Number of protein chains: 2
Amino acid sequence: MPVRPSLPVAGQPQPERADAARNRQKIIEVAARLIDEKGAEQLSLDEVARAAGVGVGTVYRRFGDRCGLLRALIDEHERRFQAAFMNGPPPLGPGAPPAQRITAFLHGLVDRIDQQQALFLALEKGGSGARYGGPYRVYRVHLATLIAQARPGADAGFLADALLAPVNANLLCHQRDERGMTTEDIKNGLTDLATAVTSHHP
Amino acid sequence: MPVRPSLPVAGQPQPERADAARNRQKIIEVAARLIDEKGAEQLSLDEVARAAGVGVGTVYRRFGDRCGLLRALIDEHERRFQAAFMNGPPPLGPGAPPAQRITAFLHGLVDRIDQQQALFLALEKGGSGARYGGPYRVYRVHLATLIAQARPGADAGFLADALLAPVNANLLCHQRDERGMTTEDIKNGLTDLATAVTSHHP
DNA sequence: GAGTTAATCGGAGAGTTCTCCGGTTACGAG
DNA sequence: CTCGTAACCGGAGAACTCTCCGATTAACTC
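How each quantity is defined
Numbering of residues starts from 1 in every chain and runs along the sequence as written. To label them, take the chains in the order written and letter them from A, then take the ligands in the order written and number them from 1. Restriction of local features to residues with pLDDT of at least 70 applies here, the model being predicted, together with a cutoff of 80 or more for giving and counting side-chain atom pairs; totals for whole chains, interfaces and linings are based on all residues. The side-chain figures draw on all heavy atoms in the structure; neither hydrogens nor water molecules are used. In this comparison the copies share one frame, found by least squares on the C-alpha atoms of residues holding pLDDT of at least 70 in both. Here, two residues are considered to be in contact whenever any of their heavy atoms come within 4.5 Å of each other. Between 30 and 60 degrees the pair is tilted, below 30 it is stacked and above 60 it is edge-to-face, where a pair is any two Phe, Tyr or Trp rings, Trp via its six-membered ring, whose centres lie within 6.5 Å. The way it works is that DSSP assigns letters per residue, a run of H or I at least four long becomes a helix, a run of E at least two long becomes a strand, and they are numbered from the N terminus. Between buried and exposed lies partly exposed: a residue is buried under 20% and exposed over 50% of the maximum accessible area for its type, with that area taken using a 1.4 Å probe on protein chains only. UniProt positions are given in the numbering used here, feature names are shortened, and annotations may be inferred rather than shown by experiment. Note on terminology: near, applied to a residue and a molecule or strand, indicates that one of the residue's heavy atoms is within 4 Å of it. Whenever a nitrogen or oxygen atom comes within 3.5 Å of another N or O atom, the pair is scored as a polar contact, on the condition that within protein one atom can donate a hydrogen and the other can accept it, and that pairs from neighbouring residues in sequence are kept only if both atoms are in side chains. Note on residue classes: Ala, Val, Leu, Ile, Met, Phe, Trp, Tyr, Cys and Pro are nonpolar, Asp, Glu, Lys and Arg are charged, and everything else, Gly too, is polar.

1. Notes on the relation of the copies chain A and chain B
The two copies are related by a screw motion: chain A maps onto chain B through a turn of 180 degrees and a shift of 0.0 Å along the axis, at an RMSD of 0.0 Å. Here the copies are linked by what is in effect a two-fold axis. Taken together, the interface assignments show that 100% of the residues at the interface of chain A recur at the interface of chain B, consistent with an identical surface on both copies.

Dropping the structure here:
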């Protein structure tokens, strides 16, 4: 029988042996500490394994690859953010008009990336095809729904991609570090963009 | 005396020794062939060096890193594209109203990425900080100028980033392969986006 | 041509990511 | 408590990117 990859799907807890769970926890703790000390770019899975007292094979079995480990470190914040825009108070959560919710969401996403900038940068660098799976999918559906409410008839799915695309760690970093923009400049720009998209009459 | 990196700046031909020029040419030819045969992702610089009959150090001396080699392979098309939107016939080149030029530019960029999709994908995967240098800078200035003409007072620089962000190989691939969108769908979406951005009255 | 010098060459090697698989261990069944 | 098995462990090793530096060679001067 083939070994299943055992990458746990979020929200669907998989039975995991006690030693495996212990190792997962230990690896996450060690990785978080090492990233604090030396930055996410410098994180070597070899080193994580050594510091956690496990073999490198164990790290890969638990997290699939380097990006998988980084995602695991991001996961908790992610859940909180998703809860905020799906069930939280307006204007981020339900209750406000779609255009306002879209703007609030984009601003929230900027703040969220800022919180764990180093991790997001490292994750985007890794690339892999998984960039548009998981959280991205959730964001996209959320935005597309709001856009469809504000502008029936438009290609809401594409516009969701278009609003999400400029909110990524690489670009944010570049805009701030090399272009001298502030977070407020960026948020203002996103407000303008979102307003233009939702209020456009073709 | 420190060795200067000798990464040639485009358009500023640097005196290069005959053997060095020969090797650069040979490396580019071999790399192009290997990419045709096995795909850009599978391109190993070790293999390129062996097939070109040079040491691996030579490849790195010439092109700096993996991305540098990929950029060199992209370079010729790049020059043609830049010439087209800076000096070519309208609506891509000068002569058409800004809004139309913006749309034409975005459509042209989609086509351009399609032409060398594999290379762009590999280049984006590599990441590095150089993603916003070189061609990107040119695109950004071009778009920002046009946007400033269409909508004086707006943050044209940011909006240029925002229009460029959704036009990248990773997203285009994703939209087509996993979402079933056609190139036409994407271009229509970009037209809508550009129109919204340039005709918005705050 | 011969000499000088600085750019170039090439391969050994360090540091990574990820794979593979023989040996080990947790845990439910009896 | 014992046993059987599926899941897990860990480290050797393959493949890769990139660095370093002694040996080599192109190109300019005389």
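Let us keep going from here.
2. Regarding the packing of aromatic side chains
Residues and elements named next belong to chain A. Evaluated as defined, the whole model comprises 14 aromatic pairs over all chains. Summarising the aromatic geometry, the rings of F81 and Y139 are spaced 5.9 Å apart at their centres and angled 80 degrees between planes, so their arrangement reads as edge-to-face. Residue F81 is located in helix α4 (residues 66–87), and its partner Y139 is located in helix α7 (residues 135–150); the two are separated by 58 residues in the primary sequence. For the pair F81 and Y139, a shared accessibility class is recorded, and that class is buried. When the ring of F85 is compared with that of F105, the centres are 5.0 Å apart and the planes differ by 90 degrees; the resulting orientation is edge-to-face.

3. Here's the deal with the UniProt feature "DNA-binding region" (unreviewed entry) in chain A
In the numbering used here, UniProt assigns the "DNA-binding region" (unreviewed entry) feature to residues 44–63 of chain A. In residues 44–63 of chain A, the share of helix is 80% and the share of strand is 0%. The end C-alpha atoms are 14 Å apart.

4. Comments concerning the protein's contact with DNA strand D
Close contacts around DNA strand D come from 23 residues, with A:N23, A:V54, B:A18, B:Y60 and B:R66 the closest. At 3.0 Å, a backbone N or O of A:G55 approaches a phosphate oxygen of DNA strand D. Taking A:T58, its side chain carries an N or O atom lying 3.2 Å from a phosphate oxygen of DNA strand D. Of all elements in the fold, only α1 (18–38) and α3 (56–63) of chain A together with α1 (18–38), α2 (45–52) and α3 (56–63) of chain B reach the threshold of two or more residues within the surface near DNA strand D. For the surface near DNA strand D, the element with the most residues is α3(A), which contributes five residues. A breakdown of the residues in the surface near DNA strand D according to their chemical character gives eight nonpolar, six polar and nine charged.

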